[in-house]
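Results of the structural survey
Next come the chains, spelled out residue by residue.
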Amino acid sequence: MESALLSILTLVIIAEFVIGNLSNGFIVLINCIDWVSKRQLSSVDKILTFLAISRIGLIWELLVSWFLGLHYLAIFVSGTGLRIMIFSWVVSNHFSLWLATILSIFYLLKIVSFSSPAFLYLKWRVNQVIVMILLETLIFLFLNLIQINIHIKDWLDRCERNTIWNFSMSGLPTFSVPVKFTMTMFSLAPFTVALISFLLLIFSLWKHLQKMQLNYKGHRDPRTKAHINALKIVISFLLLYASFFLCILISWISELYQNILIHMFCQTIGVFYPSSHSFLLILGNPKLRQASLLVAAKVWAKR
């Protein structure tokens, strides 16, 4: 029964892997074609492209970790193998999370209009702001990798000292607890920034609708549509990443109680975040949405 459920979960995660690579690869392909033809890309297209690349890396890392956890668990005892797996997860998750947050900030600065001098200063220099935020996040990444490396070193030293210790799933929680706690702490900052962007977008939309009360355009107003479209993208990111974070938490608890099925199930649900969010980004971007409809029409015509 357990092996059958693991086989089903493996098929599901492979399907998510394929879907995630197709959706993120589509974003990269369309924007690269656009860049080759026009020799330039808009700021939002650049963010989407790098976000899609980071998501592809994250999906590949999650799939490799899945199969290594099922069939080659002893590789985690190797210092080199352990560092490669953990560091690749940290780096891909870092850029996936922060680039999605930067996308939220970009929509906020482009759409919202506040009279604050500080906000207007940031709005007029939105491209420089985005670059500076991205560069500053490298400090968080560097500190995160240092802390993770300390946990790995302590773990390996403990393994070397304990000569009668045999590696198994029962030993994983002592390592995964500090690692996942560190990852969680470093994930709070971008998640909080994205949440603040979402709240400011709602406040801006409310103020805009108040001004439009005597105007019969209603939801056909371009600024209203821009607000709603940005809100859809930001709230989808927040909800999907919250589910991803919740899966990590439940996965850690299942490791403590050595429940491999719950652990694997949470990993399967967790892959849904980087795979599905890209579809929502495609639907929310006019150029990508139009390109996807053209591709779908050609595929349907060939049938």
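Residues numbered from 1 in each chain as written. Predicted model: local features only at pLDDT ≥ 70, side-chain atom pairs only at ≥ 80, totals over all residues. Heavy atoms only, no water.

Looking at an unreviewed UniProt entry, the chain carries the name Taste receptor type 2, with the source organism given as Macaca mulatta. Recorded under Function (unreviewed entry), the UniProt text for the chain is reproduced unchanged: "Receptor that may play a role in the perception of bitterness and is gustducin-linked. May play a role in sensing the chemical composition of the gastrointestinal content. The activity of this receptor may stimulate alpha gustducin, mediate PLC-beta-2 activation and lead to the gating of TRPM5." You can read under Subcellular location (unreviewed entry) in the UniProt record for the chain the words "Membrane". (UniProt positions renumbered as here; feature names shortened; annotations may be inferred.)

**With respect to the overall build of the chain**
For the chain, the count of helices and strands is ten helices and zero strands. The buried share of the chain, reckoned over its 303 residues, is 44%. Within the chain, contacts between residues at least 6 apart in sequence are counted, and of these 78% link residues at least 24 apart. Accessible surface, the chain: about 16700 Å² in total, of which carbon and sulfur atoms supply 72%. (Helix = DSSP H or I, 4+ residues; strand = E, 2+ residues; numbered from the N terminus. Buried < 20%, exposed > 50% of the residue type's maximum accessible area, 1.4 Å probe, protein only. Contact = heavy atoms within 4.5 Å. Areas by Shrake-Rupley, 256 points an atom, 1.4 Å probe, with all protein chains shown as cover.)

**Structural notes on helix H9 (residues 272-284)**
Compared with the 18 Å implied by 1.5 Å per residue over 13 residues, the 18 Å span of H9 between its first and last C-alpha is a close match. Within H9, the full set of buried residues consists of Tyr-273, Pro-274, Ser-275, Ser-276, His-277, Ser-278, Leu-281, Ile-282 and Gly-284. (Expected span 1.5 Å × (residues − 1).)

**Notes on the packing of aromatic side chains**
Following the criterion strictly, the structure yields three aromatic pairs and no others. Taking the centre distance of 4.7 Å and the plane angle of 85° together, the rings of Phe-17 and Trp-60 count as edge-to-face. Of the two residues, Phe-17 is situated in helix H1 (residues 2-38) and Trp-60 in helix H2 (residues 43-71); the sequence distance between them amounts to 43 residues. Judged by its relative accessible area of 45%, Trp-60 is partly exposed. (Phe/Tyr/Trp six-rings, centres within 6.5 Å; stacked < 30°, edge-to-face > 60°.)

**Examining the pattern of salt bridges**
Applying the stated criterion to the full structure yields three salt bridges. A salt bridge links Asp-34 to Lys-38; its shortest N-O distance comes to 3.4 Å. Of this pair, Asp-34 and Lys-38 both sit in helix H1, four residues apart, roughly one helical turn. The class for Lys-38 is exposed, based on a relative accessible area of 55%. Here Asp-45 ties to Lys-287 by a salt bridge, and the two come within 2.8 Å at their closest N and O atoms. (Salt bridge = Lys/Arg side-chain N within 4 Å of Asp/Glu carboxyl O.)

**Details of a nonpolar patch on the surface**
A surface patch of nonpolar side chains, about 470 Å² in accessible area, is lined by Ile-139, Phe-142, Leu-143, Ile-146 and Ile-150. Residue position: Phe-142 is located in helix H5 (residues 126-161). (Patch = residues over 30% accessible without salt bridge, like charges linked within 9 Å, V, L, I, M, F, W, Y side chains within 5 Å.)

**Overview of unusual backbone geometry**
If you check the backbone angles, Arg-39 has positive phi at about 60° while not being a glycine. Relative to the helices and strands, Arg-39 resides in the loop between H1 and H2.

**Looking at the environment of Ile-262**
Within the fold, Ile-262 resides in helix H8 (residues 260-270). As a C-alpha pair, Ile-262 and Ser-251 span eleven residues in sequence and 6.8 Å in three-dimensional space. Dropping the residues within four chain positions of it, Ile-262 is found in contact with Ile-250 and Ser-254.

**Brief notes about the nonpolar core**
Core analysis: the biggest nonpolar cluster contains 69 residues, and Leu-103 and Phe-237 have the highest contact counts within it. Broken down by secondary-structure element, the contributors of at least two residues to this core are H1, H2, helix H3 (79-111), H5, helix H6 (172-211), helix H7 (222-256), H9 and helix H10 (286-302). With residues up to four places along the chain from it excluded, the contact list for Leu-103 reads Val-44, Ile-47, Leu-48, Ile-233 and Leu-281. (Core = buried A, V, L, I, M, F, W, Y, C linked by side-chain atoms within 4.5 Å.)

**Side note on the UniProt feature "transmembrane region" (unreviewed entry) in the chain**
The positions UniProt marks with the feature "transmembrane region" (unreviewed entry) are residues 73-91, 97-122, 129-148, 188-209, 230-254 and 260-283. In residues 230-254, the share of helix is 100% and the share of strand is 0%. The end C-alpha atoms are 36 Å apart.

**Here's the deal with the confidence of the model for the chain**
Residues with a pLDDT of 70 or more make up 83% of the chain, whose mean pLDDT is 79. Counted against residues more than four places away or in other chains, residues 164-170, with its pLDDT under 50, gives 13 contacts. (pLDDT = per-residue confidence, 0-100.)

**Quick notes on the side chain of Glu-61**
Mapped onto the elements, Glu-61 comes out in helix H2. Residue classification places Glu-61 among the buried positions, given a relative accessible area of 8%. Those residues in contact with Glu-61 that lie beyond four places of it in its chain are Met-85, Ser-88 and Trp-89.

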